Amino acid sequence: MAVPNKRVFYRRAIKVGNSSGVLLPKAFLGHYVKVAVISPPKNIKKDVTSILDSFLEEIIGVYLISETEDQIEILAISTNINKHLEKRNYFVDVVPLNVLKKSLKEKQETREKIKSAKPIINKMLLFELKKLI
């Protein structure tokens, strides 16, 4: 077997029929190639907006609770929707405002999450919630 060529190509996968493919130079035709998936940089605001797309009319605030390499925890405050959503490494809790306010009074864990939260949408609501703590 020949020594592998150490050239590295960075290509974006494109739609090919019902799957995806990577375009390479014609000189590679018939050769074996190695394709590695490289995760794109995180765009939390865009990803969360996409995940919450069907609920956006009811959302009044979105906050980043915690972020690690494997997991991003998001709190979305709604007018009346109570749901837990998971997509890729995003864990999104959609909680009605009245339920969150009650939880702030009763649970230390909720207070800690709100203290460490960073605003994605509606910084003013987060400020008001922190005043309740």
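Scroll up to find the structure this text is about.
From a predicted model like this one, the values you see are computed outputs, not experimental measurements.

Colleague: Give me the lowdown on the overall build of the protein chain, citing residues and values where you can.
Modeller: Per the secondary structure count, the protein chain includes four helices and seven strands. When its helices and strands are written in sequence order, the protein chain yields β-β-α-β-β-β-β-α-α-β-α. When the backbone C-alpha atoms are referred to their principal axes, the protein chain occupies close to 70 × 30 × 20 Å. Counting over 133 residues, the protein chain shows a buried share of 29%. Summarising the internal contacts of the protein chain: among those between residues at least 6 apart in sequence, 38% fall at separations of at least 24. As displayed, the protein chain has an accessible area near 10,300 Å², and 55% of this comes from carbon and sulfur atoms. The positive charge centre, built from 24 side chains, and the negative charge centre, built from 14, are 8 Å apart in the protein chain.

Colleague: Describe the nonpolar core, and please don't skip the residues or the numbers.
Modeller: Core analysis: the largest hydrophobic core is formed by 17 residues, its most contacted members being I44, L52, V62, I74, Y90, V92 and V94. For I74, the residues in contact, after removing those within four places along its chain, are I44, V48, V62, Y63, L64, I65, Y90, F91, V92, D93 and I120. Formed by 12 residues, the second largest nonpolar core is a distinct cluster that contains I77, L104, I114 and L125.

Colleague: Lay out the environment of N122 in plain terms, naming residues and giving numbers.
Modeller: Position of N122 among the secondary structure elements: in the loop between β7 (118–121) and α4 (123–132). Placed 59 residues apart in sequence, N122 and Y63 show a C-alpha to C-alpha distance of 8.4 Å. N122 has contacts with I60, G61 and Y63, leaving out every residue within four places of it along the chain. A polar side-chain atom of N122 sits 2.7 Å from the main-chain carbonyl oxygen of I60.

Colleague: Describe the pairing of strand β4 (residues 72–78), listing the residues and the values that go with them.
Modeller: By the criterion of burial, β4 is predominantly enclosed, with seven of the seven residues buried. Residues of β4 alternate between two faces, with I72, I74, A76 and S78 on one and E73, L75 and I77 on the opposite face, all of them buried. Taken together, the seven bridges between strand β3 (residues 59–67) and β4 define a ladder with antiparallel strand orientation. In the strand pairing of β4, S66 is matched with E73.

Colleague: Help me get a handle on the sheet that holds strand β5 (residues 83–87), residues and values and all.
Modeller: Strand order in the open sheet formed by five strands is β5-β6-β4-β3-β7, and the pairing between neighbours is mixed. The sheet terminates laterally at β5 and β7, the two strands that pair on one side only. The mean inter-strand angle of the sheet, taken between neighbouring strand axes irrespective of direction, is 25°. Packed on one face of the sheet, helix α2 (residues 97–106) meets β3, β4 and β6 (90–96) and runs near 95° to β6.

Colleague: Just give me the short version of α2, but keep the residues and values in it.
Modeller: Here α2 has its buried residues at L100, S103 and L104. Angularly, the buried residues of α2 cover 105° about the axis, an arc narrow enough to put them on a single face. α2 presents N98, K102, K105 and E106 as exposed residues on the side facing more than 90 degrees away from its buried surface. Tucked inside the fold, the buried residues of α2 contact β4, β6, α3 (108–116) and α4.

Colleague: I'd like a rundown of the packing of α2 against α4, residues and numbers included.
Modeller: Where α2 meets α4, the closest approach of the two axes is 10 Å, and the angle between their N-to-C directions is 30°. In terms of orientation, α2 and α4 fall into the roughly parallel class. In this structure, α2 crosses over α4, and the sense of that crossing is right-handed. Here L97, L100, K101 and L104 of α2 come into contact with α4, specifically with L125, L129 and L132. Taken together, the residues of the contact of α2 with α4 break down into six nonpolar, no polar and one charged.

Reading the values: rules and limits
Residues numbered from 1 in each chain as written. Predicted model: local features only at pLDDT ≥ 70, side-chain atom pairs only at ≥ 80, totals over all residues. Heavy atoms only, no water. Helix = DSSP H or I, 4+ residues; strand = E, 2+ residues; numbered from the N terminus. Buried < 20%, exposed > 50% of the residue type's maximum accessible area, 1.4 Å probe, protein only. Contact = heavy atoms within 4.5 Å. Areas by Shrake-Rupley, 256 points an atom, 1.4 Å probe, with all protein chains shown as cover. Lys, Arg positive; Asp, Glu negative; His and termini not counted. Charge placed at Lys NZ, Arg CZ, Asp CG, Glu CD. Core = buried A, V, L, I, M, F, W, Y, C linked by side-chain atoms within 4.5 Å. Polar contact = N/O pair within 3.5 Å; in protein donor to acceptor, adjacent residues only side chain to side chain. Pairing = 2+ DSSP bridges. Axes fitted to C-alpha atoms, helices over the stretch in contact; angles between N-to-C directions. Arc of directions from axis to C-beta. Parallel < 35°, antiparallel > 145°, perpendicular 65-115°, else oblique. Left-handed = near helix turned anticlockwise from the far one by under 90°. Nonpolar A, V, L, I, M, F, W, Y, C, P; charged D, E, K, R; others polar.

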